[in-house]
Amino acid sequence: MSAASCLLTEDQFLCSICLDVFTDPVAIPCGHNFCKTCITKHWDINVPCQCPNCKEVFNIRPKLQVNTFISEMAAHSSEQQVSKPGEVPCDDCTGTKRKALKSCLVCLASYCETHLEPHLTKSGLKRHQLIDPVENLEDRMCTKHDKLLELFCKTDQMCVCMLCTYSDHKTHDVVPLKEEYEGKKAELGKTDAEIQQMIQKRRLKIEEMKRSVELSKKDADREIAAGVQVFSALKESVERSQAELIDTIKEKQRETEKQAEGFIKELEQEISELEKRSSEVEQLSQSEDHLHLLQSFPSLNAAPPTKDWTGVSVRPPSYEGTVVRAVNQLEETLSKQMKKLFEAEMKRIQQYAVDVTLDPDTAHPKLILSDDRKQVKHGDVRKNLPDNPERFDRHLCVLSKQSFSSGRFYHEVQVKEKTEWNLGVARESIKRKGKITRTPQDGYWTIGLTDENEYKAFADPPVRLSLKSQPEKVGVFVDYEEGLVSFYDVDAAALIYSFTGCCFTQKLYPYFNPCTNNGGENSAPLIISPVNHTE
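What to know about the confidence of the model for the chain
In the predicted model, the chain carries a mean pLDDT of 89, and 95% of its residues have values of at least 70. Below a pLDDT of 50 lies the segment residues 1–7, which in the model reaches 9 contacts outside its immediate sequence neighbourhood of four places, other chains included.

What follows is the structure, encoded as C-alpha cells:
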C-alpha cells in the first residue's frame, strides 16, 4: 500500500451506515463520506436530510459528490488487502476480513497492515516475535503447559516449551528453536544442493541419451543405406544373370531353328525337283511314240542329283550346366559383396578394440605365459603354484586380467600353426576346479579347433563349423547389452560363428585355451595380437 494510504485508519475506509468498506463513496456538504447507496436509502427514509454522523440538517437535499480519493483508496484496499480463500485473515478486522501480513507468536493473533502498526511502533509490542502469517496459532502452544513452543529437544526430536525442560525433557539436549531452525535450514540447503546436483546429473543423462538416440539413428540410416545399396546391387546382379541366362538359351534355340530351317529348305527344294522328275517320268511312260520314249529314257531313268540325308539330323542344344554356371557366377558376385560387407563390419567392430593381458593367477600350472602376458602355450612340467580360488587346476586355460560388464569390446588372437585351440569369453562365476563343461549354460561362449581337425562352436549340443579356409587370426567381439558373442576370421574378413540371445548378468573375461602341445605338434602359442584396423 502507498505511503498516503498508510496514514488512513481502518475506520476511514468503512461506511458508518453499513460498517463495510466503501462502495462508490460520496461526500456530503458537511465533509463526511458514505456509500452512495447507503446515504441515498437513509435520506429516502429520514426527512429532513440529516448527516448520520454529525446530525447536520440540510433543508434542500444535497447533490452527492463522488470522493475520488476515498474511492481509489477503498478500491485499492479492497483489491490488495481483502483476505482470499487460502490466505490468513486479520484477527482484528471487523466486517470484511483483510489479509494478514504477520502473525504474532506472543499475542497468538494475525494482523493486516493497518492493525500491525502498533507492533511496529509501540516499544512494548516491538519485542514480540513476528512471523509470516499462519493459521491455527494455538498449534504452536504446548498442549501440556499451555506455553509457547520455543525450544527444540534434540533427544526426542520434538518442539517443547520452557516448562518441558523442567519435567519430561529435564536431562535432554535442548536448544532454542531458532538455533535448530538454522541448523535444519542449513541441512535443507545442503539437501536442496544435492537434489539440484541429482537433477543436473539426470538432465545430463537425458542429453546423453538423446545424443545416443541421434547417433543410433545416424547408424541406422547408414546401415539402411548400405543395406539398400548391397541388395540393389545383388538384385541387379540377379536380374542381369537371369537375363544373360535367358539370352544364352534363346540364342542356342535360334541357332537350332536356323539350322533346321536351312535343312528343311534344301529338302523341300529336292522334293520339288523329284516331283518334277516324277511328273516327266509319268508323262513319258504314257507316251505311244516309240522313238521319243527311247530317246528320252536315258535322261529320265536316272535319279536327279540329291544329298544323302542319312546322317543328317537336327539335334536339340544341350543346356546342361547353363543354369549352374550362371548360379556359380552369381555366387562369385555374392561372395564379393559379402566380403565387402564383412570388411565394413570388421572396420566397425575394430573400433571397440581393448587392450587384453593374461592373468597369471588364473593360469593352469602347466601353462607358460610370456613376460608381456600376451602369449600362452602348454608346457610339459607342472609348476608349483599356489592353488588360489581363481586358478584352473585341471582345465588348460587362463583368463584375462581385464573384465567387462557393459558395452562392447573386441580383441584378436593369433592361432597360426596350432592344431588344437579354444577361445572366447567366460563369466566370473565359472567353475575352475575339476572337470569342466564348456557351454553357455556353464558360463562359456567359445569356439575352437579340436584334435579331430574339426572347427566347433561349443554350444549344447556342439555346432560343427564349415569354414572355407583355416583362420590364422580370430577376432572376438562382445556386445554385452545385446547378448552377442561373435567370432571372425580376421584375414578373410568373414564371420565364423555368433552366439545370440545371451543373457549376461556378471563380469565377462576373455578366455584362452592353447590345449596340450601334443608332443610338440601343437606347441605354437595363442597370441593376443594388436588390432590392425581394416582400411
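Next comes the rest of the write-up.
Some words on the pattern of salt bridges
This model, assessed by the stated rule, comprises 19 salt bridges. A salt bridge links Lys307 to Glu266, with the shortest nitrogen-to-oxygen separation between them at 3.8 Å. Taken together, the positions of Lys307 in the loop between helix H7 (290–301) and helix H8 (322–349) and Glu266 in helix H6 (residues 177–285) put the pair 41 residues apart, joining distant regions of the chain. Shared partners join several salt bridges into a network, and the residues in it are Lys154, Glu180 and Lys184.

A few points about the nonpolar core
Trp421, Leu423, Phe487, Phe499 and Phe512 are the most contacted members of the largest nonpolar core, which has 37 residues in total. Setting aside anything within four residues of it in sequence, one finds Phe512 in contact with Val356, Leu358, Val376, Leu396, Cys397, Val398, Ser400, His411, Val413, Asn422, Leu526 and Ile528. One finds Phe22, Phe34, Trp43 and Cys49 within the second-largest nonpolar core, a separate group that totals 13 residues.

Some thoughts on the packing of aromatic side chains
Considering all chains together, one arrives at 10 aromatic pairs under this definition. Both rings, one in Phe263 and one in Trp309, keep their centres 6.0 Å apart while their planes meet at 80°; by these two values the pair is edge-to-face. Linking Phe263 in helix H6 with Trp309 in the loop between H7 and H8, this pair joins segments that are 46 residues apart in sequence. Taking the centre distance of 5.4 Å and the plane angle of 45° together, the rings of Tyr480 and Phe504 count as tilted. Here Phe504 lies in the loop between strand S22 (494–499) and strand S23 (508–513) and Tyr480 lies in the loop between strand S20 (473–479) and strand S21 (484–489), a separation of 24 residues in the sequence. With relative accessibility at 10%, the residue Phe504 sits in the buried group. Here the guanidinium or amino end of Arg438 rests over the ring plane of Phe458, the centre of that ring lying 4.6 Å away.

Observations concerning the state of the cysteines
In this structure the tally under the stated criterion is 0 disulfides. No disulfide involves Cys503; its sulfur sits 9.0 Å from that of Cys502, the nearest cysteine.

Observations concerning the sheet that holds strand S6 (residues 102–104)
Across the sheet, which stays open at both edges, the 3 strands sit in the order S7-S6-S8 with antiparallel pairing between neighbours. Among the strands making up the open sheet, the edge pair consists of strand S7 (109–111) and strand S8 (130–131). One ladder, built from 2 bridges, connects S6 with S8; its direction is antiparallel. Residue Ser103 lies in a different strand from S8, and its bridge partner there is Ile131. In this fold helix H4 (residues 113–121) packs onto S6, S7 and S8, with an angle of close to 110° to the strand it touches most, S7.

Focus: the sheet that holds strand S9 (residues 151–153)
Taken in spatial order, the 3 strands of this open sheet run S10-S9-S11, and their pairing is antiparallel. Of all strands in the sheet, those with a lone pairing partner are strand S10 (158–160) and strand S11 (174–176), marking the two edges. Here the strands of the sheet are splayed against their neighbours by 35° on average, with no regard to which way each runs. Both S9 and S10 contribute to a ladder of 3 bridges, which runs antiparallel. Each bridged residue has a counterpart across the sheet, and for Cys153 the counterpart in S10 is Met158. Helix-sheet contacts for H6 involve S9, S10 and S11, and the interaxial angle to S11 is about 85°.

Parameters at a glance
Each chain carries its own residue numbering, running from 1 in the written order of its sequence. pLDDT decides what is reported in this predicted model: residues at 70 or higher carry local features, side-chain atom pairs at 80 or more are listed and counted, and totals for whole chains, interfaces and linings draw on all residues regardless. Heavy atoms throughout the structure, all of them, feed into the side-chain values; hydrogens and water do not. Known as pLDDT, the predictor's confidence for each residue is given on a scale from 0 to 100. Here a residue-residue contact requires only that any non-hydrogen atoms of the pair lie within 4.5 Å. Each salt bridge in this description consists of a side-chain nitrogen of Lys or Arg and a carboxyl oxygen of Asp or Glu lying within 4 Å of one another. Strands here mean DSSP runs of E at least two residues long; helices mean DSSP runs of H or I at least four residues long; both are numbered from the N terminus. Each nonpolar core is a collection of buried residues, namely Ala, Val, Leu, Ile, Met, Phe, Trp, Tyr and Cys, held together in the definition by side-chain atoms within 4.5 Å. Here's how the labels work: a residue is buried when its accessible area is under 20% of the maximum for its type, exposed when over 50%, partly exposed in between, all with a 1.4 Å probe on protein chains only. The rule is short: rings of Phe, Tyr and Trp, with Trp giving its six-membered ring, pair when the centres are within 6.5 Å, and they are stacked under 30 degrees, edge-to-face over 60, tilted in between. The rule for a charge over a ring is simple: NZ of Lys or CZ of Arg within 6 Å of the ring centre, and within 35 degrees of the ring normal. Counting rule for disulfides: a pair of cysteine sulfur atoms within 2.5 Å. Paired strands are those between which DSSP finds at least two bridges. Helix axes are fitted only over the stretch in contact, all axes being lines through C-alpha atoms; the angle between N-to-C directions runs from 0 to 180 degrees.

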